[in-house]
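# Breakdown of the fold
For reference, the chains in residue letters:
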Amino acid sequence: MCGIFACHCHPDVQKFRSTAIRMGKQVKHRGPDWSGNHTANNTILVHERLSIVGIDTGAQPILSEDGSIALAVNGEIYNHKILRKRLHTQYPFKTHSDCEVIIPLYQEHGIDAPKYLDGMFSWVLHDKKQDRLIAARDPIGITTFYMGRSSSTPGAVYFASELKCLHPVCDKIESFPPGHVYDSKTDQVTQYFTPKWLVEPSSIPSTPLDLTLLRETFEKSVRKRLMAEVPYGVLLSGGLDSSLVAAIAQRETLRLQREYAKKQAALQSGAATPQTNGATNGTSQPTTNGDVDGEGLAGIDEEYHLTDVPVLSQLNSFSIGLPGAPDSKAALEVAKFLGTKHHSFTFTIQEGLDALYDVIFHLETFDVTTIRASTPMFLLSRKIKAMGVKMVLSGEGSDEIFGGYLYFHNAPDKKAFHEETVRRVKNLHLADCLRANKSTSAWGVEARVPFLDKEFLEVAMNIDPQEKMITKDKIEKYILRKAFDPTALPPGAKAYLPEKILWRQKEQFSDGVGYGWIDGLKDEAKKMVTDEQMVEATIRKDKPQWGDDIPDSKEAYWYRCMFDEHFPPYCAETVMRWTPTWSKQTDPSGRAIGIHEQAYQEGQEAKK
């Protein structure tokens, strides 16, 4: 991840420049590798860089050849090599960055440029000749992005990766909507990502289930996200989603090792010359600077295979939990089965409690579920960064797509089930995407999420939702499990996962790291918040700035107070609370859903 800050149409941009740079420094944790800024007309772009691809030449903001277009990006463009080949006009690329292709795409397609991108991103582009600013965010909002205005500079518009960059200079801030693009020509934000399942959620899909297509599309999604020139790994909780990601990543790692070995053997025999060199996990050496075809650059080809990447060291996997946590035990079993180099970390309840203030500062939310799950992830990311790993794959998004949360057992019919999955996917940028992005970025680590791939979403969200419904014979996420079950694979194919992991019941991350974690949070909240404070907030005697958004538990009250210490009241408008549907429970923990105790037995029956 990188960090960006931008302001367009500032009345005195030169005077504002030092403030803009200081605002950019508020997210230097997202981009510890380099800093850059660019000023043109009345616009300034500030960038804090985390180098993953094009590590030697990808400093930002990136400028066009004549310097008239400046670009600041947070994210990864997985199809950049393919896009280079499809440009109508040859473009003189100056860097090996996957993001540079956005400039010629803008030159050819204007505000339609985001439609062509396959990746996770938020970016700001300034065209000096037209004095035009374009800003865009990826379809699901994997990368965090905000837009602000200030009553003291009414003609200006501000953009940033995090709230903490904007609230010192803006008094109105909103989350930039995923799948949208802003154009200063119209001063409007318009939607560019418009699949039918998203814009017409009441139109129920009827596409028959194709387990092979589902599996192969997801495999492509994982492969493309291994595009990197730095050490990387996988977050492995031991649950279904992260385990599938790890299984596919390990298969691709071993494939690349075999290919590299063949090239080395050919080189020694004099039969061929390999196109890559280097020896570290994920390192690739581009061959030419500005090669239009992208040969020698890290990325995927037209068949969605990684190219120009040398031998990888053993794939690293990471897990965290309280001592004896359910997830930690399952993760170790998966790692042994796959042969990854596994790193299992533990934390204490006190260490988690001590981190909460910082977690809320980085997460910029007071949502109970997000904070519960983010704290272990925040602690784990620090360990990962200390080991020299800069990028990890993670399993976010699956539960939203397939209705994996336990409350989906209560869905009344397939129409309601489908509409709820669409709602959850649309809100991911305020929940699990926000958690994954900011928990890791706090320590300069990038998280990539294969389940939220555009192509995979098109397949998975258009399946007849009756296939996703949870029944007596079908455990949650049955079709995803079945797609990777040995019975659905070609004859003789190697199993992806141990059977007990493939059919393991859903554990929400904040539960799986150890049931004592949530209990510890609740116990501490009781010490920090009195009954009187809860009553006074409810009758509006205390905390008038909260308005009607009154916390319904002491734990929620405690988090909101810490949020208020970091951010002014109007920032609360960017926060969404995660609550289960079709449930009388106010606690969002998976354990609060009654079905939790019986689902493992259902899974044993379903796999038959």
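Look up: the structure comes first, before these words.
Residues numbered from 1 in each chain as written. Predicted model: local features only at pLDDT ≥ 70, side-chain atom pairs only at ≥ 80, totals over all residues. Heavy atoms only, no water.

### Things to note about the overall build of the chain
In plain terms, the rule: The way it works is that DSSP assigns letters per residue, a run of H or I at least four long becomes a helix, a run of E at least two long becomes a strand, and they are numbered from the N terminus. A contact between two residues is defined here by any heavy atoms of the two lying within 4.5 Å. Each accessible area is a Shrake-Rupley result for a 1.4 Å probe, and residues are judged covered by the shown protein chains and nothing else.
Assigned secondary structure in the chain consists of 21 helices and 19 strands. Sequence-distant contacts, at least 24 apart, represent 74% of the contacts inside the chain between residues at least 6 apart. Accessible surface computed for the chain: about 22,400 Å², of which carbon and sulfur atoms make up 50%.

### Section: the sheet that holds strand β7 (residues 132–137)
We apply this condition: Pairing between strands is defined by DSSP: at least two bridges between them are needed. Axis angles are defined between N-to-C directions and span 0 to 180 degrees, where every axis is a line fitted to C-alpha atoms and, for a helix, only to the segment in contact.
The strand order β4-β5-β6-β7-β11-β12 describes an open sheet built from six strands, whose pairing is antiparallel. The open sheet has two free edges, formed respectively by β4 (62–63) and β12 (188–191), since each of these has just one partner strand. When β7 meets strand β11 (residues 180–183), the two strands line up antiparallel, connected through three bridges. Along β11, the bridge assignment pairs I134 with D183. Against the sheet, helix α3 (residues 102–109) engages β4, β5 (69–77), β6 (119–127) and β7, with an angle of about 115 degrees to β5.

### With respect to the sheet that holds strand β9 (residues 153–160)
Strands sit in the order β2-β3-β1-β9-β8-β10 across an open sheet of six strands; the sheet is antiparallel. Two strands bound the open sheet, and with one partner strand each, they are β2 (34–40) and β10 (172–175). Taken over all neighbouring pairs, the strand axes of this sheet differ in orientation by 15 degrees on average, direction set aside. In the sheet, strand β8 (residues 146–150) pairs with β9 via four bridges, with the strands oriented antiparallel. Looking at β9, one finds that G148 is bridged to Y158. Strand contacts of helix α1 (residues 13–24): β1 (3–8), β2, β3 (43–49) and β9, with the helix running at about 20 degrees to β3, the strand carrying the most contacts.

### A word on the nonpolar core
Proteins that are soluble and globular tend to have nonpolar side chains buried together. To be explicit about the condition: Each nonpolar core is a collection of buried residues, namely Ala, Val, Leu, Ile, Met, Phe, Trp, Tyr and Cys, held together in the definition by side-chain atoms within 4.5 Å. Partly exposed residues are those whose accessible area sits between 20% and 50% of the maximum for their type, while under 20% is buried and over 50% is exposed, using a 1.4 Å probe and protein chains only.
Formed by 93 residues in total, the largest nonpolar core has its most connected members in W123, I140, L214, F218, I401, F402 and F484. Top element by residues in this core is helix α7 (residues 240–269). It accounts for eight residues. In this structure, I140 is in contact with P178, F193, V425, L428, H429, C433, L452 and L457, ignoring residues within four places of it in sequence. Ranked by size, the runner-up nonpolar core spans 65 residues in total, among them F318, L322, I550 and C571.

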